[in-house]
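If you want the building blocks of each chain, they are given just below.
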Amino acid sequence: METGRYGPYGGQYVPETLMSAVDELCGAYERYKNDPDFCAELEDLFVNYAGRPSLLYEAKNLTKDMGGAKIYLKREDLNHTGSHKINNVLGQTLLAKRMGKTRIIAETGAGQHGVAAATAATLLGMECEVFMGKEDTQRQALNVYRMRLLGAKVHPVTTGTMTLKDAVNEAMREWSQRVDDTLYVLGSVMGPHPYPMMVRDFQSVIGKELKKQLIKKEGRLPDAVVACVGGGSNAIGTFYDFIGESSVRLIGCEAAGRGIDTEKHAATIAKGSVGILHGMKSLFCQDEYGQIAPVYSISAGLDYPGIGPEHAYLRDIGRAEYVPVTDDEAVAAFERLSRLEGIIPAVESSHAVAYGMKLAKQMPKDAIIAVCLSGRGDKDVAAIARYKGEDLYE
Amino acid sequence: MNKIADAFNGKKALIAYLMAGDPNLEKSAEYILTAQEAGADLIEIGIPFSDPIAEGKVIQEASVRALNAGARLDGIFEMVASLKDKIRVPLVFMTYLNPVFVYGYERFFHTCKELGVGGIIIPDLPWEEQEEVKLPASKYGVAVIPLVAPTSSKRIERIVKDAEGFIYLVSSMGVTGVRNEITSNIRDRVSELKKATSLPVAVGFGISSPKQAGEYAQWTDGVIVGSAIVNMIAEHGENAHYALGKYISELKASVSGKDTF
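Everything numeric in this text was worked out from a predicted model, so none of it was measured. (Residues numbered from 1 in each chain as written. Chains lettered and ligands numbered in written order. Predicted model: local features only at pLDDT ≥ 70, side-chain atom pairs only at ≥ 80, totals over all residues. Heavy atoms only, no water.)

Participant: How should I be thinking about the overall build of chain B in this particular structure?
Facilitator: Of regular secondary structure, chain B possesses twelve helices and nine strands. For 261 residues, the compact-globule estimate of 2.2 N^0.38 gives 18 Å, and chain B sits close to it at 17 Å. Taken over the C-alpha atoms alone, chain B extends approximately 45 × 45 × 30 Å along its principal axes. Looking at chain B as a whole, 64% of its 261 residues qualify as buried. Counting contacts in chain B only where the partners sit at least 6 residues apart, residues at least 24 apart contribute 73% of the total. (Helix = DSSP H or I, 4+ residues; strand = E, 2+ residues; numbered from the N terminus. Rg over C-alpha atoms; globule rule 2.2 N^0.38 Å. Buried < 20%, exposed > 50% of the residue type's maximum accessible area, 1.4 Å probe, protein only. Contact = heavy atoms within 4.5 Å.)

So, in structure tokens, the structure goes:
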């Protein structure tokens, strides 16, 4: 396959003002991705700063409650800053430093990527500015404060739908103004090449560890691997090492919001069509004239109208399945996992937990399901309380 | 079809950008004629897109107004068709790739040919991805006008090779919109470009005053004014005819070197 293409998807659909920066990034990533010093430094940050490897936890209570397949949780929520986002951000920020940049910019939805970017920037002595939809700054006010505490400047984005897609627009606009000293640290497996490939590579540590850990515990591969999908970075990171293992089902869980038969969803694979946005050809929720549709999910991190190009390709070739999970199902899983295992999952990850639970019931007891618990749910507690009708504010 | 080359024939071209459907399609049709009467040599008709990543606030807001007023491709094509007998200057579309891709490249460029629209400017279509657009566009005689940025230097030869229409020289880094200062050296950049291409070079992004337009016209074959015109329509809404005509004729005088600045 052509570099930067996943079947018909991917590419580099960005303005000419950004092409030199994108070219420079391609060159730098090719140069450093196998550089022993770079890899050793990143590995050291993973182990001694982010707390890797993350645990693979056997959820015995949840398994018992479902009465079917054994459920394992890959605990990315235990990483420093509370989600898988730190894996990618440490990689890109370290790369930015090697490139001689002094400033990073980032978009964020739920705030997890923004917090991770602010953290990495502080650690590595870089300036950091984060673009976040105004609606999300309100839904995730604590994360805005966290980013500021970490020394980042947060720009609330008031254009368009004021959510993640608009934050990406604004970050791209900002980057096109200042490429010399700045790297755009994109938070998911989306955007122009090399981002979908580079972010996948940095996140693939999830699946690599998972495979090794499960073989040690069970002596075999899982029957299914389940992860939530917005742009799709934790999912591709979890899937990647299993793509060649045809016995392993790969299942991505999209945000169906209030249901895919309503207009209030963010289920790109179920309802989207091929389009071009944010530097890539992929699947998008859009109207018949190619105007990008407003999307909705209870989870700010999945509230994105597109999906990474490699996911669109894995869907086309039938290697991965994608299923819609509603707000109600995600919230029920959020509560169930909290009560049964004492683990409060991020509302994003709760989409994967919800489908993992459903699937476990359909599978025999000797089957194994691994669910990527991509983030912790502390940030979501107030929002879930409000969803359940409690008048609780942060 | 009014040929793009005619806009540059023996004169410095004033290129005016208007957003189709802002404030509504009827008024857009009127304002396109206003621009022609006031001396615009080529008119760029913007097709609004929900996520215009190369635009500053002014054109972003115009896109929102146009989309909210219901401007979609079919309606925009009808509006342009209604002008066919009155338009003497060349027209080009400016839009993002997704509306064109989703409409279907063949269908889109076939329609352009029928409407007499001779070119298209797509800010999110770099040289690397242009093939999928250039093939169907050239089939219907539509020029895909490339943009050259201040950071393009090593890329210029590739970009201008096989280019058609004119070269859109982006004055500064960043997005469209009025600027106080244009930082790159336009004169040097144009002479660099001229070594690589015989096509006309027009400069845009951030040009708003007639004085500025006049200055840049000295070094280039044409000057593109967008946000300042769109701003004027934002301010005057349905009553922009007079202000727009006056402003564009001032720009034209300045670009032609007939001003008093």
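Back to the text.
Participant: Hey, could you run me through the interface of chain B and chain A in this one?
Facilitator: For an interface, size is often stated in terms of accessible area lost upon the parts coming together. Contacts between chain B and chain A engage 38 residues on the former and 34 residues on the latter. Linking chain B with chain A are six salt bridges, by the criterion used here. Measuring nitrogen to oxygen at the nearest pair gives 2.9 Å for the salt bridge that ties arginine 155 of chain B to glutamate 16 of chain A. Of all elements in the fold, only helix 3 (57-68), helix 4 (73-82), helix 5 (97-103) and strand 6 (147-148) of chain B reach the threshold of two or more residues within the side of chain B that touches chain A. Per element, the largest residue contribution to the side of chain B that touches chain A is five residues, and it comes from helix 5 of chain B. (Salt bridge = Lys/Arg side-chain N within 4 Å of Asp/Glu carboxyl O.)

Participant: Even after reading the chapter, I still don't get the pairing of strand 1 (residues 13-19) of chain B, so can you show me in this structure?
Facilitator: Both faces of the sheet carry side chains from a regular strand, because those side chains alternate between them. All names here are of chain B. Here strand 1 lies mainly inside the structure; seven of its seven residues are buried. Residues of strand 1 alternate between two faces, with Ala13, Ile15, Tyr17 and Met19 on one and Leu14, Ala16 and Leu18 on the opposite face, all of them buried. Judged from the four bridges that link them, strand 1 and strand 9 (residues 222-225) form a sheet pairing that is parallel. Its bridge partner being in strand 9, leucine 14 is matched across the sheet by valine 223. Inspection of the sheet shows strand 1 paired to strand 2 (residues 42-46) by five bridges, in the parallel sense. Looking across to strand 2, one finds that alanine 16 is bridged to isoleucine 43. Handedness of the crossover is the feature at issue here: the chain leaves strand 1, passes through helix 2 (residues 25-38), returns alongside strand 2, and the resulting connection is right-handed. (Pairing = 2+ DSSP bridges. Right-handed = clockwise from strand over helix to strand, strands pointing away.)

Participant: Help me understand the packing of aromatic side chains in this model?
Facilitator: How two aromatic rings sit relative to each other is given by the distance of their centres and the angle of their planes. Tallying each qualifying case throughout the model produces 15 aromatic pairs over all chains. Both rings, one in tyrosine 32 of chain A and one in phenylalanine 38 of chain A, keep their centres 6.0 Å apart while their planes meet at 40°; by these two values the pair is tilted. The exposure class assigned to phenylalanine 38 of chain A is buried, which follows from its relative accessible area of 2%. Site record: aromatic cluster; members linked through ring pairs are Phe77, Phe93, Tyr103, Phe108 and Phe109 of chain B. Sitting above the plane of the tyrosine 103 of chain B ring, arginine 107 of chain B keeps its charged end 3.8 Å from the centroid. One Lys or Arg, arginine 158 of chain B, reaches over the ring of tryptophan 127 of chain B and ends 5.0 Å from the middle of that ring. (Phe/Tyr/Trp six-rings, centres within 6.5 Å; stacked < 30°, edge-to-face > 60°. Lys NZ or Arg CZ within 6 Å of the ring centre and 35° of its normal.)

Participant: Help me out: how do you make sense of the nonpolar core in this one?
Facilitator: Across soluble globular proteins, nonpolar side chains have a tendency to be buried as a group. Counting 100 residues, the largest nonpolar core has Phe93, Phe108, Phe109 and Phe166 of chain B as its most contacted members. The greatest single-element share of this core, amounting to seven residues, is contributed by strand 1 of chain B. Leaving out residues up to four positions away in the same chain, phenylalanine 166 of chain B has contacts with Ile4, Phe8, Ile15, Leu42, Glu44, Ile121, Ile145, Pro146, Leu199, Pro200, Ala202 and Ile224 of chain B. Counting residues in each nonpolar core, the second largest holds 97 residues, with Tyr72, Ile86, Val89 and Met99 of chain A among its members. (Core = buried A, V, L, I, M, F, W, Y, C linked by side-chain atoms within 4.5 Å.)

Participant: Please explain the pairing of strand 11 (residues 273-277) of chain A as it appears in this structure.
Facilitator: Where strand 11 of chain A and strand 12 (residues 279-284) of chain A come together, five bridges link them in antiparallel fashion. Bridging from a neighbouring strand, valine 274 of chain A pairs with leucine 283 of chain A of strand 12 of chain A.

Participant: Would you explain the state of the cysteines in this entry?
Facilitator: Cysteine pairs can be covalently joined through their sulfur atoms, and such a bond is termed a disulfide. All names here are of chain A. Going through the model one piece at a time under the given rule, you end up with zero disulfides over all chains. Here cysteine 39 is not cross-linked by a disulfide; its sulfur's nearest cysteine counterpart is in cysteine 26, at 18 Å. The partly exposed category is assigned to cysteine 39, whose relative accessible area is 32%. In this structure cysteine 285 is not part of a disulfide, and its nearest cysteine sulfur, from cysteine 228, lies 16 Å away. You can call cysteine 285 buried: its relative accessible area is 5%. (Disulfide = S-S within 2.5 Å.)

Participant: Would you mind going over the pattern of salt bridges with me for this structure?
Facilitator: Scanning the model with the defined rule gives 45 salt bridges over all chains in all. Salt-bridge contacts for lysine 379 of chain A lead to glutamate 348 of chain A; the nearest nitrogen and oxygen are separated by 2.8 Å. Here lysine 379 of chain A, found in the loop between strand 14 (368-373) and helix 16 (381-387), pairs with glutamate 348 of chain A, found in helix 15 (residues 347-362); they are 31 residues apart in sequence, far enough to count as distant. Of the two residues, lysine 379 of chain A and glutamate 348 of chain A, neither departs from the other in class, the shared state being buried. Three or more residues joined by partner-sharing salt bridges are found here, namely Glu16 and Asp23 of chain A together with Glu128, Arg155 and Arg158 of chain B.

Participant: What's the story with a nonpolar patch on the surface in this structure? I'm lost.
Facilitator: Taken together, the side chains of Ile344, Val381 and Leu392 of chain A define a hydrophobic patch exposed on the protein surface, amounting to about 220 Å² of accessible area. By secondary structure assignment, the location of leucine 392 of chain A is in the segment after helix 16. (Patch = residues over 30% accessible without salt bridge, like charges linked within 9 Å, V, L, I, M, F, W, Y side chains within 5 Å. Areas by Shrake-Rupley, 256 points an atom, 1.4 Å probe, with all protein chains shown as cover.)

Participant: What should I look at first to understand the sheet that holds strand 11 of chain A in this one?
Facilitator: In sheet architecture, strand pairing relies on hydrogen bonds along the backbone and comes in two forms, parallel and antiparallel. Ordered by their spatial adjacency, four strands build an open sheet running 1-2-12-11 (chain A), and the pairing between neighbours is antiparallel. Of all strands in the sheet, those with a lone pairing partner are strand 1 (5-6) and strand 11 of chain A, marking the two edges.

Participant: Where do I start with the environment of cysteine 253 of chain A in this structure?
Facilitator: Residues and elements named next belong to chain A. Relative to the assigned elements, cysteine 253 resides in strand 10 (residues 249-257). A relative accessible area of 0% places cysteine 253 in the buried class. Residues cysteine 253 and threonine 3, 250 residues apart in the sequence, show an inter-C-alpha distance of 27 Å. Setting aside its immediate chain neighbours within four residues, cysteine 253 contacts Val226, Ala227, Cys228, Val229, Val323, Val325, His351, Ala352 and Tyr355.

Participant: I keep staring at the environment of leucine 83 of chain B and nothing clicks. Help me out?
Facilitator: Residues and elements named next belong to chain B. The topology assignment puts leucine 83 in the loop between helix 4 and strand 3 (91-94). Taking the relative accessible area as the measure of exposure, leucine 83 reaches 2% and is therefore buried. Considered as a pair, leucine 83 and serine 63 are 20 residues apart in the sequence and their alpha carbons are 22 Å apart. Discounting chain neighbours no more than four positions away, the residues touching leucine 83 are Ala29, Ile32 and Leu33.

Participant: Would you mind showing me how to read the side chain of aspartate 124 of chain B here?
Facilitator: Looking at where aspartate 124 of chain B falls in the secondary structure, it is placed in the loop between strand 4 (117-121) and helix 7 (131-139). Despite its burial, aspartate 124 of chain B pairs with no opposite charge, the nearest such side chain being arginine 173 of chain A at 11 Å. A polar contact of 2.9 Å, which involves the side chain of aspartate 124 of chain B, links it to the backbone nitrogen of leucine 97 of chain B. In this structure, aspartate 124 of chain B is in contact with Tyr13, Val14 and Pro15 of chain A together with Tyr96 and Leu97 of chain B, ignoring residues within four places of it in sequence. (Lys, Arg positive; Asp, Glu negative; His and termini not counted. Polar contact = N/O pair within 3.5 Å; in protein donor to acceptor, adjacent residues only side chain to side chain.)

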